[in-house]
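The lines below spell out each chain.
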Amino acid sequence: MLDIHFIRENADLVKAGAEKKRIPVDIDRLLSLDDSRKTLRGELDDRRAEQNRASGNIANAHGEEKEKLLEAMRHVKQGMADTEEKYKEVMKEWQELMLTVPNIPDMSVPEGESDADNTEVKVWGEKPTFDFTPMNHVDLMTKLGMADFERGAKVAGFRGYFLKGDGVLLTNAVWQLALKHWTNKGMVPLMAPSLVRRETFMGTGYLPQGEEDLYKTQDGEYLAGTAEVAAMGYHMDETLEMGDLPVKFLAFSPCFRREAGAHGKDVRGLIRVHEFFKWEQVVLCEASHTTSVALHEELNRNTEEFIELLNIPYHTVVNCGGDLGLGQVKKYDIELWVPGENTYREISSASYFHDFQTRRLNIRYRDAEGKMQFAHSLNSTAIPTPRILVSIIENYQQQDGTIRVPAALVPYVGKEILGHSV
RNA sequence: GGAGGAGUGGCCGAGUGGUCUAUGGCACUUGUCUUGAAAACAAGCGUGGGGCAACCUACCGUGAGUUCGAAUCUCACCUCCUCCGCCA
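Being a predicted model, the structure only gives us computed values, none of them experimental. (Residues numbered from 1 in each chain as written. Chains lettered and ligands numbered in written order. Predicted model: local features only at pLDDT ≥ 70, side-chain atom pairs only at ≥ 80, totals over all residues. Heavy atoms only, no water.)

Caption draft 1: Geometry of the sheet that holds strand S7 (residues 222-223). Across the sheet, which stays open at both edges, the three strands sit in the order S5-S7-S6 with antiparallel pairing between neighbours. At either margin of the open sheet sits one strand with a lone partner, and together these are strand S5 (195-196) and strand S6 (215-216). As paired elements, S5 and S7 share two bridges and run antiparallel to each other. Paired with Val196 across the two strands is Tyr222, which belongs to S7. (Pairing = 2+ DSSP bridges. Helix = DSSP H or I, 4+ residues; strand = E, 2+ residues; numbered from the N terminus.)

Caption draft 2: Fine view of the packing of aromatic side chains. For the coordinates displayed, the defined rule picks out ten aromatic pairs. Ring centres of Phe130 and Phe132 lie 5.2 Å apart, and the angle between their planes is 65°; this geometry places the pair in the edge-to-face category. When its relative accessible area of 19% is taken as the criterion, Phe132 is described as buried. Their ring planes at 55° and their centres at 5.4 Å tell us that Phe201 and Tyr222 sit as a pair that is tilted. One end of the pair, Phe201, is in helix H8 (residues 198-204); the other, Tyr222, is in strand S7, and 21 residues separate them in sequence. Ring pairing ties together the aromatic residues Trp175, Phe252, Phe277 and Trp279, which thus form one cluster. (Phe/Tyr/Trp six-rings, centres within 6.5 Å; stacked < 30°, edge-to-face > 60°. Buried < 20%, exposed > 50% of the residue type's maximum accessible area, 1.4 Å probe, protein only.)

Caption draft 3: A look at the protein's contact with RNA strand B. As a structural note, the neighbourhood of RNA strand B is formed by 17 residues, with Asp45, Asn52, Ile58, Arg74 and Arg364 the closest of them. Put simply, 73% of the atoms of RNA strand B that lie within 4 Å of the protein are in sugar or phosphate. Asn52 places a side-chain nitrogen or oxygen 3.0 Å from a phosphate oxygen of RNA strand B. Here a base nitrogen of RNA strand B and a side-chain polar atom of Ser55 are 3.1 Å apart. For the surface near RNA strand B, the secondary-structure elements that each account for two or more residues are helix H3 (27-60), helix H4 (63-98) and strand S14 (363-366). For the surface near RNA strand B, the element with the most residues is H3, which contributes eight residues. For the surface near RNA strand B, the per-class residue count stands at six nonpolar, four polar and seven charged. (Near = heavy atom within 4 Å. Polar contact = N/O pair within 3.5 Å; in protein donor to acceptor, adjacent residues only side chain to side chain. Nonpolar A, V, L, I, M, F, W, Y, C, P; charged D, E, K, R; others polar.)

Structure representation (structure tokens):
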């Protein structure tokens, strides 16, 4: 959510930002509603003042005089009812519109319609060359007993999977290395709920727009697609002290996504599944653009470093305007090389939001002058499993169908080669 | 699932229809005193909206309602706690 004052004073900027994001929004309508809101509010306040003044007199009056005052106030009250009704109507539409106003993308965000227009900003690592035809992760993992997709579908339906044997060892090793990598940087590990109430989804900006991507329970809660939701909710409706900032969480949770708009995409394997696990970086910091930008680079770099530990070729892209979410100011995606598809696939997404989320979640802090400020928020994938296995397995495959374990993971897996028995 | 209790400003907590635009305490800020600090004393100190300002107004879990007037009464919902039952 943006500040209505800011929208009033920077209407053109807000409109241009929405256009860059390809998100339709009627700012002129919002501004005219806001005029009505202010006028009606003023009228109501004046009436209220009158009522409050009279109230004191009524309390002290007696008999006939009191009856006269009461009669007069009944008239005032009738006049207010109408204005109140109008005010409620205006506020309802005002609030709905406010939720549709996107945050303004940064100057450095490139123009573009979709992920096809994202700009590469970094390339790292050497793509492996194979003197045999490399297999994809589905075939490799199935052969090595690391995953079972057929039975996954039998039990869990479309996009279902089991991880098994070395697949579990490898997953667990990634988690442990991640925990070590990020806690060494001073981030606080957090295991967050996936079953989350509607409020927090509104606050993080996933609702009301993203309803169809979420699973919902019969009790009205939603299953989160990322630990960001619960981790951001952690400080909801709280006032933090300057000294508490920055808050840096490394949050773990199961993640659930309906993938409603992606029915034909990535139907095989571990790239796009309904149910997975993710370590997520979630940060609250002081309300400073400079700090947000620095932390954004830092969070993204943390994940790049982790990928470098695994020694997997990747590139980093800056997402174009059309590929940004409602609240995001700027976003980097890290994409890993997938030999089986001969392309890069997204593994991480790092964004900052300024105070867009914290305004909705009411997360504030007292600054050095004692003034209340909305904090800034950021989040970035640390590492998702099992998606990360795709790149590990395909890049580290050997001619005999076995898989070398990346050196950094060997201590956690407990062996150097997966699938020796084959 | 059953029964009961509770939600008040950063925290604790008083307040059951009329100067409550909320008592008091803690914390915090400033000042006096002190070599310095602590203590003591004094003053200030909630968050929004409108206004240049004085000031006006809203907010006591959320939403509706009753009333000239609601933190206070009624209804619904949310959250938390206690006891019983079930249970990894």
